[in-house]
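Each chain, letter by letter, is given below.
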Amino acid sequence: MSWTRRLLVVLVALAAALLAAPAAQAHEERPVTLPDGSGSVPVHRAGEPDLLVCKSDRADFERRISGFPAKLRARNLELFDRCRKSGYRHLQQAVDQVGRPGMNIAILPGLYEEEPSLPRPTGECARLKAPNSKLGYQILSYAQQKQCPHNQNLVAILGKKQLQIEGTGAARTDVVIDAKYQKLNAIRADGSDGIYFKNFTAQRTTFNSLYVLAQDGFVIDDVLTRWNDEYGFLTFASDHGLYKNCESYGNGDSGIYPGSASDINDGYRYDVPRYSIEITGCRSHHNMVGYSGTAGDSVHVHDNEFDHNMGGASMDSAFPGHPGLPQNHARFERNLIHDNNADYYPYVADGTCAEPPVERGYEEGVVCPQISMPPGTGIITAGGNWNIYENNWIYGQRRAAFFLSAVPAFIRGENALAKQVDTSHHNRYAGNHLGTDKAGRSRPNRTDVWWDGQGEGNCWQSDTGPSTPRSLPECGAARGAVSGRTDRLVGEPVKLAQLLVCADYDVRARRLPAGCDWYGARGIERIEVQIALGVALVLVLVGGVLWWRRLRHSRLATAATVLGMIGLGLDVAGATTGLASSCLPAVALLLTGAWWTGIGLVLRGERPGLGWTTTVLGVLTLLDAFDKAVLMIPWIPIGPAWVRGLLGVIWVLWAVVASARHGGPAVGKGTAAGPDSDPEADEAADTHGGDEARAGVDAGSGSAASGPDAQSGSDRSSAPDRDPS
């Protein structure tokens, strides 16, 4: 690594240290290793159940099945009679009786609150020694879960192989497993390879409805999860998994979360041998986010619908303690991702989310967002690599269809400098249907792309609409083919400032960052507008004084200064939400660059150092406009905005000093400004300089033309005091 790249990495690391401060833990679990991949996706077994679970109230049971088709109703009545004689009243009782791999449990229609599992732990289970999560629960070992299975779980399935649990109702809502907000998980399957869940509902927990952990082989088929503090479905550190025909809503984090899916494709490019998790035919709606994937590696997500969440889907490398980071190789195709414009942060602000979970109103539509999330976004990639997003319908998003930002490794707890810029690279966005629904109706997104600018090999389809930046590397027909390839080590400074401000969110402390429009900031409240306005005010003040003191007699400098003032005003306007993805920010840079270039050319005659610095600053600003609006400049490790920002600070200080120096205007009568100076200006020299000029004439032979020495003296005395710069 060259010294320049090392320096940039150090700067990124320092920024990462700041960013890491507000980071929260999305999910904390005991240390686990990823499966060895020797398992397989289980297949549904249609034979007779080995164990039956039902309630004892026959009248209630007959009422529940009264609307079933005749054949299914008869089948359930037969199973009910058998269950009354030899079955179990609680699912946990049946699970405890599983004594060999390959057994089937059938759950008959009913409400299962698992009353024996609800009491608070006593005895040794009340005194377990284990680390505490920042979210308030103990991080128990597998042995402690076995010892005290109901400290955290309504139903605990520990070490049961090839188990199938299936509801026998006509719909998944006919069998309901309800934790009543008294347990962390409604169902936990831990180390139970080959498990198959089908046709039931799990609900109302303080974390997850259905939790699958450290398993090689699982299927979630036609299952509904809802009304949880965190996740509907959480599968963690697992392989050979399949979600199909599922549904989830009302969750404070995501409906579907394949966290730390087995990292089987690490080291591959776009073409991979297989995916570890497949998700198809599911709908996730009215959550904070429909799908999330911290370390969601090698996941194939296709033919699903993510709608009416705050965000449609999210991949990230932003939370420590997840095997497989940084995230890589998710593949999204043929998904409907639309209208993800919900805003649940007001429930945090007004104290609703500070109430006990049972009193928050989850069943009435309340959602308590657990982490920072830009509402109105289709697909968010916060620190992911080699992801493919193709042939999806993404429409009706009030912020952006695609959101891509890098996440330094410090945030996930890795300190090696070489890793700090290992995200976001080689993400491909191609062939998607942006701003139209499946019927071809226009449903535009406010912005199709929001990108912080960092990363290598990222590309987008050529027909993207409004975007920030306006210029994007384009994807070729073949995966890996990129036009206008860039490799930036650092994102755009204003966008990094926005991400830093917006990350400072804490649902438990009811802290919603001021200045971030994710949480309702508008207009001058937004950090982007504040930065643009602050910079504009400083430059207007300094530039105006410099023009008045040194440049007002130059037509070129005056015209350039007018353009610059207009450009600074447009820059403030371009920082607003509605105009950020338009051409206005680039036009503002163009005018501001013309200002600096123009006054720099004028200043060079009298103050070469300041003049050349100003000219360079102008050229950098013009390059920044080109970079953002026409073509991202390749082969440079940072964008022009960083260099012009640093040089701009130097220029402001230098311009203040130059404006404050004693003496007349830098450009005026008798100066070397050329045709742009005003020959009639009577203010070109100060009074002292004028007196000296007249004295020089009087000392000659009585005439200004009395000799060359007199002329020379007149020229010298009429010139303004020279600045050493």
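By convention here, each chain's residues receive numbers from 1 onward along its written sequence. Per-residue local features are limited, in this predicted model, to residues with pLDDT of at least 70; the limit for side-chain atom pairs, both in listing and counting, is 80 or more; totals at the level of whole chains, interfaces and linings are taken over all residues. With hydrogens and water excluded, all non-hydrogen atoms of the structure serve as input to the side-chain values.

Chemist: An account of helix α9 (residues 555-574) is needed here, citing residue identities and associated values.
Modeler: Each turn of an α-helix holds 3.6 residues, which means side chains three or four residues apart point in the same direction. Along its 20 residues, α9 runs 28 Å from first to last C-alpha, staying within 8% of the 28 Å computed at 1.5 Å per residue. Burial here depends on accessible area, computed with a 1.4 Å probe over protein chains only, as a share of the maximum for the residue type. Under 20% is buried, over 50% is exposed, and the range in between is partly exposed. A run of H or I in DSSP counts as a helix once it spans at least four residues, and a run of E counts as a strand once it spans at least two, with each numbered from the N terminus. By the burial criterion, the buried members of α9 are Ala-557, Ala-560, Thr-561, Gly-564, Gly-567, Leu-568, Val-572 and Gly-574. What you see down the axis of α9 is that its buried residues fit within an arc of 155 degrees, all on one side. If you follow the buried residues of α9, they end up packed against α8 (527-551) and α10 (584-603). What a helix should span is 1.5 Å times the count of its residues minus one. It is the directions from the helix axis to the C-beta atoms whose arc is reported. Residue contacts are defined here by distance: any two heavy atoms, one from each residue, within 4.5 Å place the two residues in contact.

Chemist: I'd love a proper account of the confidence of the model for the protein, names of residues and values included.
Modeler: Note on scores: pLDDT gives the predictor's confidence for each residue, bounded by 0 and 100. On average, residues of the protein carry a pLDDT of 90, and 88% of them reach 70 or more. Segment residues 668-725: pLDDT under 50, and 55 contacts once partners within four positions in sequence are set aside and those in other chains are kept.

Chemist: Provide a residue-level description of the packing of α8 against helix α12 (residues 640-660), including the pertinent values.
Modeler: Running from N to C, α8 and α12 cross one another at 35 degrees; their axes reach a closest spacing of 9 Å. For the element pair α8 and α12, the recorded crossing hand is left-handed. Of α12, the residues touching α8 (which contributes Val-538, Leu-539, Val-542, Gly-543, Val-545, Leu-546, Arg-549 and Arg-550) are Trp-651, Val-652, Ala-655, Val-656, Ala-658, Ser-659 and Ala-660. Charged means Asp, Glu, Lys or Arg here, nonpolar means Ala, Val, Leu, Ile, Met, Phe, Trp, Tyr, Cys or Pro, and polar covers whatever is left, Gly included. Taken together, the residues of the contact of α8 with α12 break down into 11 nonpolar, two polar and two charged. Simply put, an axis is a line fit to the C-alpha atoms, just over the touching stretch for a helix, and the angle between two N-to-C directions goes from 0 to 180 degrees. Handedness of a crossing follows from how the near helix is turned relative to the far one, being left-handed for an anticlockwise turn of less than a right angle and right-handed for a clockwise one.

Chemist: Tell me about empty space enclosed by the protein, and please be specific about residues and values.
Modeler: A cavity here means a set of points on a 1 Å grid, drawn over the protein atoms and nothing else, where a 1.4 Å probe fits but cannot get out; a pocket is an open set with protein on both sides within 12 Å along at least five of seven lines, and a residue lines either one if it has an atom within 4 Å of a point. Grid points are joined across faces, edges and corners, and a volume is the space filled by probe spheres set on the points. In this structure the tally under the stated criterion is two cavities of 30 Å³ or more. Space inside the largest cavity adds up to approximately 80 Å³. Surrounding the largest cavity, 15 residues form its lining, Glu-29, Tyr-137, Leu-184, Arg-188 and Tyr-211 being those nearest its centre. At the level of secondary structure, the elements contributing two or more residues to the lining of the largest cavity comprise β7 (185-190) and β9 (208-213). Split into classes, the residues belonging to the lining of the largest cavity amount to six nonpolar, six polar and three charged. Size it by volume and the second largest cavity reaches roughly 40 Å³. If you trace the second largest cavity, you find it lined by Lys-55, Asp-57, Asp-60, Phe-61, Arg-64, Phe-80, Pro-109, Gly-110 and Leu-111. Counting only elements with at least two residues in the lining of the second largest cavity, the list comes to α2 (58-65) and β3 (110-112). It is α2 that provides the largest number of residues to the lining of the second largest cavity, a total of three residues.

Chemist: If you had to explain α12 to someone new, which residues and values would you point to?
Modeler: Between its first and last C-alpha, α12 extends 30 Å over 21 residues, near the 30 Å set by a 1.5 Å rise per residue. For α12, the set of buried residues is Pro-640, Ala-641, Leu-647, Gly-648, Trp-651, Val-652, Ala-655, Ala-658 and Ser-659. Next to the buried residues of α12 lie α7 (493-502), α8, α10 and α11 (608-629).

Chemist: Hey, could you go over the nonpolar core for me, with residue numbers and the actual values?
Modeler: One broad rule of soluble globular proteins: the nonpolar side chains tend to lie buried together. In this text, buried Ala, Val, Leu, Ile, Met, Phe, Trp, Tyr and Cys residues form a nonpolar core when linked through side-chain atoms within 4.5 Å. Within the largest apolar cluster, 71 residues are counted, with the highest numbers of intra-cluster contacts made by Ile-105 and Phe-197. Ranked by residue count, the leading element in this core is strand β8 (residues 195-205), at four residues.

Chemist: Describe in detail the pattern of salt bridges, supporting the description with residues and values.
Modeler: The salt bridge criterion pairs a side-chain nitrogen of Lys or Arg with a carboxyl oxygen of Asp or Glu, the two atoms within 4 Å. What the rule picks out here adds up to 42 salt bridges. Between Glu-333 and Arg-331 there is a salt bridge, and its shortest N-O distance comes to 3.3 Å. Overlapping salt bridges bring together Glu-29, Arg-30, Arg-188 and Asp-190 as one network.

Chemist: Outline the sheet that holds strand β28 (residues 400-405), supporting the account with residue identities and numerical values.
Modeler: What makes two strands pair is DSSP finding at least two bridges between them. In space, the 11 strands of this open sheet follow the order β4-β7-β9-β11-β14-β17-β20-β24-β28-β31-β34, with parallel pairing throughout. The open sheet has two edge strands with one neighbour each: β4 (153-158) and β34 (467-468). As paired strands, strand β11 (residues 231-236) and strand β14 (residues 254-259) are joined by four bridges and run parallel to one another. Each residue of the ladder has a partner; that of Leu-234, found in β14, is Tyr-257.

Chemist: Outline the state of the cysteines, supporting the account with residue identities and numerical values.
Modeler: The term disulfide is used for any two cysteine sulfur atoms that are within 2.5 Å. Inspection of the entire model under this criterion finds six disulfides. Note that Cys-54 is cross-linked by a disulfide to Cys-83, the S-S spacing being 2.2 Å. Its torsion about the S-S bond being -105 degrees, the disulfide of Cys-54 and Cys-83 is classed as left-handed. Taken together, the residues Cys-54 in the loop between β1 (51-53) and α2 and Cys-83 in helix α3 (residues 70-86) connect sequence positions 29 residues apart.

Chemist: An account of the pairing of strand β5 (residues 164-167) is needed here, citing residue identities and associated values.
Modeler: With four bridges connecting them, strand β2 (residues 104-107) and β5 associate as parallel partners. Bridging across to β5, Asn-104 finds its partner in Gln-164. Bridge count between β5 and β8: three bridges; the pairing is parallel. Bridging across to β8, Glu-166 finds its partner in Lys-198.

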